[in-house]
Amino acid sequence: MKISVIGTGYVGLVSGICFAEMGNDVICVDNNQEKLEKLRDGKVPIYEPGLEVLFERNIREKRVDFTDDLKYAVENSDVVFLCLPTPQGEDGSADLKYVLNVATDIGSIIKENNDYKIIVNKSTVPVGTAQKVRQNVLDNGGSSFDVASNPEFLREGFAVADFMKPDRIVIGADNDMALDKLEELYEPFVRQGNPIIRMNTESSEVTKYAANSYLAMRITYMNELANFCEKVGADVDLVRKGMGSDTRIGKRFLFSGIGYGGSCFPKDVNALIKTSQEFNSEMSLLSLVDKVNKDQKLVLVTKIRKYFGDDLSNMTFGIWGLAFKPNTDDMREAPSIYIIKELQNLGAKIKAFDPEARDTAKFYLDGSIEYSDNLYSAIQNVDALLILTEWNEFRNPDFNRLKLDMKNNIIFDGRNIFDVSKMKEEGFEYFSIGRKAVKNSK
Ligand code: NAD
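Rules and cut-offs
- Residues numbered from 1 in each chain as written.
- Predicted model: local features only at pLDDT ≥ 70, side-chain atom pairs only at ≥ 80, totals over all residues.
- Heavy atoms only, no water.
- Helix = DSSP H or I, 4+ residues; strand = E, 2+ residues; numbered from the N terminus.
- Rg over C-alpha atoms; globule rule 2.2 N^0.38 Å.
- Buried < 20%, exposed > 50% of the residue type's maximum accessible area, 1.4 Å probe, protein only.
- Contact = heavy atoms within 4.5 Å.
- Salt bridge = Lys/Arg side-chain N within 4 Å of Asp/Glu carboxyl O.
- Phe/Tyr/Trp six-rings, centres within 6.5 Å; stacked < 30°, edge-to-face > 60°.
- Lys NZ or Arg CZ within 6 Å of the ring centre and 35° of its normal.
- 1 Å grid on protein atoms, 1.4 Å probe; cavity = no way out; pocket = protein on both sides within 12 Å on 5 of 7 lines; lining within 4 Å.
- Points joined across faces, edges and corners; volume = space filled by probe spheres on them.
- Nonpolar A, V, L, I, M, F, W, Y, C, P; charged D, E, K, R; others polar.
- Domains from an automatic or database assignment.
- Buried area = accessible area lost by both parts, 1.4 Å probe.
- Polar contact = N/O pair within 3.5 Å; in protein donor to acceptor, adjacent residues only side chain to side chain.
- Pairing = 2+ DSSP bridges.
- Right-handed = clockwise from strand over helix to strand, strands pointing away.
- Near = heavy atom within 4 Å.
- Areas by Shrake-Rupley, 256 points an atom, 1.4 Å probe, with all protein chains shown as cover.

Now for the overall build of the chain. Tallying secondary structure elements over the chain gives 17 helices and 14 strands in all. Whereas a compact globule of 442 residues would reach a radius of gyration of roughly 22 Å, the chain reaches 24 Å, a difference of no more than 12%. Taken over the C-alpha atoms alone, the chain extends approximately 80 × 50 × 40 Å along its principal axes. A total of 442 residues make up the chain; the buried ones form 54% of that total. Within the chain, residue pairs in contact and separated by at least 24 positions form 72% of the contacts whose partners lie at least 6 positions apart.

And the structure:
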């Protein structure tokens, strides 16, 4: 099939390359010249495990092309995927300007050439957006087209694996021809029998927000529960195991920590709150999820203030992990940004190490922190270590080296990566989430 993907970010690039991997001809469009230059140079501009191999193979096989020419892309494809940003607007709603502006441009392009196109929205958009896209295309002269909704459920860090073997594909359209064509395109990705679920565009658009908000709510529930466990002497990790073994609940997405971040959950929860208000059917539960999550991002700072007091000038904290989660370089809404800024407000200096997010972190934190090259340079002479992302390489450090190189043997672990009793044995003061603190017995 001839496909174009408009917007070559985390979703667009992965989708484009994976479609190409299945033998389709793909044109990826982006208006960011720096990104395009990298892509044309054969470099993957994001960190996503497994992407590079597929990227190189499909470039070699000439199945994928990168351009800023929307007209060329639309004219040379049957299916046009919109993978454009839908960031949070000032009032909390999803900002649709990228999607609707491109829809307007597509209208003018297909007006000149009447070949039938399917315009597929893969961006996460509020219910009713497919109709708005349709209207924009029509208003600008397009006539032979359908608009479909095909929300994307991939996780950063596992994006290629998720795209190649999705739990399910959701496609929404009001026309069987469009649904059939998309089903044909996705058939190779669900050969093991995972479902392609067909529905109307409204249901499809709601499904994406429903899934993300539910997951955000689940994490938030566990975070509030963790705070409660700490107060009553319970261990949230044991409670999690006890709960998660119940098949009605399941084991995944029950880990407590320092709040969800990333490019999706925070903005998607807020967008659903906003849409529900607009339709006079407010989902008030989600407003609480958002509030509790914002508070949770700062629980480690509260623990640090309790330990060191409110004046942290002359103190330096080492940080392991800046990305909002492991296996990505994405820093959007990462708890680390909030924690670092708060510690800096209290006068602290920061040294940080992240295996992949150093460059993206500079966009949010610029030169305000010292960037370390490895685990151990980030802890030289620090007053305490904070663990903010659970990268695997942090799980088994050389504790003796830590004890030698840190000023104090104190760890604030926002991801519960170490065993509490092991930390006690090793002689660290150790503060984690929802578990008993190990305090100095001297
Ligand atoms: P992104 O910011 O990584 O990528 C968007 C790309 O679109 C950028 O490369 C940008 O330069 C490009 N762009 C902007 N305007 C353009 C234009 N007019 N023409 C061509 N290119 C243009 O965003 P993303 O993370 O890939 O997310 C895209 C959408 O998918 C969002 O709606 C997001 O909510 C949704 N989504 C994201 C994820 C995820 O994990 N990142 C998962 C599922 C769904």
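All right, on to the pattern of salt bridges then. Going through the model one piece at a time under the given rule, you end up with 27 salt bridges. Between Lys294 and Asp290 there is a salt bridge whose closest N-O contact spans 2.8 Å. Of this pair, Lys294 and Asp290 are both found in helix α12 (residues 284-296), four residues apart, which corresponds to roughly one turn of the helix. Assessed through its relative accessible area of 51%, Lys294 is described here as exposed. A salt bridge links Lys407 to Asp383, with the nearest nitrogen and oxygen atoms 3.5 Å apart. With Lys407 in the loop between α16 (399-405) and β13 (410-413) and Asp383 in the loop between β11 (370-371) and β12 (384-387), this pair connects stretches of sequence that are 24 residues apart.

Within this structure, the stated rule accounts for 23 aromatic pairs. Ring centres 5.7 Å apart and planes at 75 degrees place the aromatic pair Phe308 and Phe317 in the edge-to-face group. Across the pair, Phe317 and Phe308 agree in class, each one buried. Taking the centre distance of 5.0 Å and the plane angle of 85 degrees together, the rings of Phe363 and Tyr364 count as edge-to-face. An aromatic cluster of at least three residues, connected via ring pairs, comprises Phe19, Phe81, Phe163, Tyr186 and Phe189. Residue placement shows Lys362 over the ring face of Tyr371; its charged tip is 5.2 Å from the ring centre.

Attention now goes to the layout of surface pockets. In this structure, the second largest pocket occupies an estimated 530 Å³ of space. In terms of lining, the second largest pocket is formed by 17 residues, of which the most central are Glu230, Lys303, Lys306, Phe431 and Ala437. In terms of residue count, the dominant contributor to the lining of the second largest pocket is helix α13 (residues 299-308) (five residues). Here the residues of the lining of the second largest pocket are counted per class, giving six nonpolar, four polar and seven charged. Both domain 2 (209-295) and domain 3 (297-431) contribute no fewer than three residues apiece to the lining of the second largest pocket.

A word on the domain arrangement of the chain. For the chain, the assigned domains are domain 1 (2-199), domain 2 (209-295) and domain 3 (297-431). A C-alpha centroid distance of 24 Å is found between domain 2 and domain 3. Residue-level contacts link 15 residues of domain 2 with 16 residues of domain 3. Around 1,200 Å² of area is buried between domain 2 and domain 3 when both sides are counted, 52% of it from carbon and sulfur atoms. Broken down residue by residue, the surface that domain 2 buries against domain 3 is led by Ile258, Gly262 and Ser263, which jointly contribute 46%. A salt bridge links Lys303 to Glu230, with the nearest nitrogen and oxygen atoms 2.7 Å apart. Seen at the junction of domain 2 and domain 3, the total is six residue pairs in polar contact (both at pLDDT 80 or more). Looking at the side of domain 2 that touches domain 3 element by element, the count peaks at three residues for α12.

So, on to empty space enclosed by the protein. Counted according to the given criterion, the structure contains one cavity of 30 Å³ or more. Taken as a whole, the largest cavity encloses approximately 40 Å³ of empty space. As for the largest cavity, its lining consists of Ser123, Thr124, Val125, Ser149, Pro151, Glu205, Lys208 and Tyr209. When residues of the lining of the largest cavity are assigned to their parent elements, the largest contribution, three residues, is made by helix α9 (residues 201-232). Residue classes in the lining of the largest cavity are distributed as three nonpolar, three polar and two charged.

Our next topic: the pairing of β13. Of the two faces of β13, both are covered, the one formed by Ile410 and Phe412 as well as the one formed by Ile411 and Asp413. Summarising the sheet, β12 and β13 pair through three bridges and their orientation is parallel. Of the residues in β13, the one forming a bridge with Leu386 is Phe412. At this point the chain moves from β12, through α16, to the parallel β13, and the crossover so formed is right-handed. Relative to strand β14 (residues 429-431), β13 runs parallel, the two sharing three bridges. For Phe412, the partnering residue across the bridge sits in β14 and is Phe431. Crossover handedness for the path β13 to helix α17 (residues 420-426) to β14: right-handed.

Taken together, the neighbourhood of the ligand is formed by 27 residues, with Asp30, Lys35, Thr86, Glu156 and Lys267 sitting nearest. Within the side chain of Thr86, a nitrogen or oxygen atom sits 2.6 Å from an oxygen atom of the ligand. Across the complex, the protein chains shield 88% of the 830 Å² of accessible surface that the ligand would expose by itself. Among the elements of the structure, α1 (10-21) and α5 (97-112) are those that each provide at least two residues to the shell around the ligand. Class assignment for the residues of the shell around the ligand results in 11 nonpolar, nine polar and seven charged. Each of domain 1 (2-199) and domain 2 (209-295) accounts for three or more of the residues forming the shell around the ligand.

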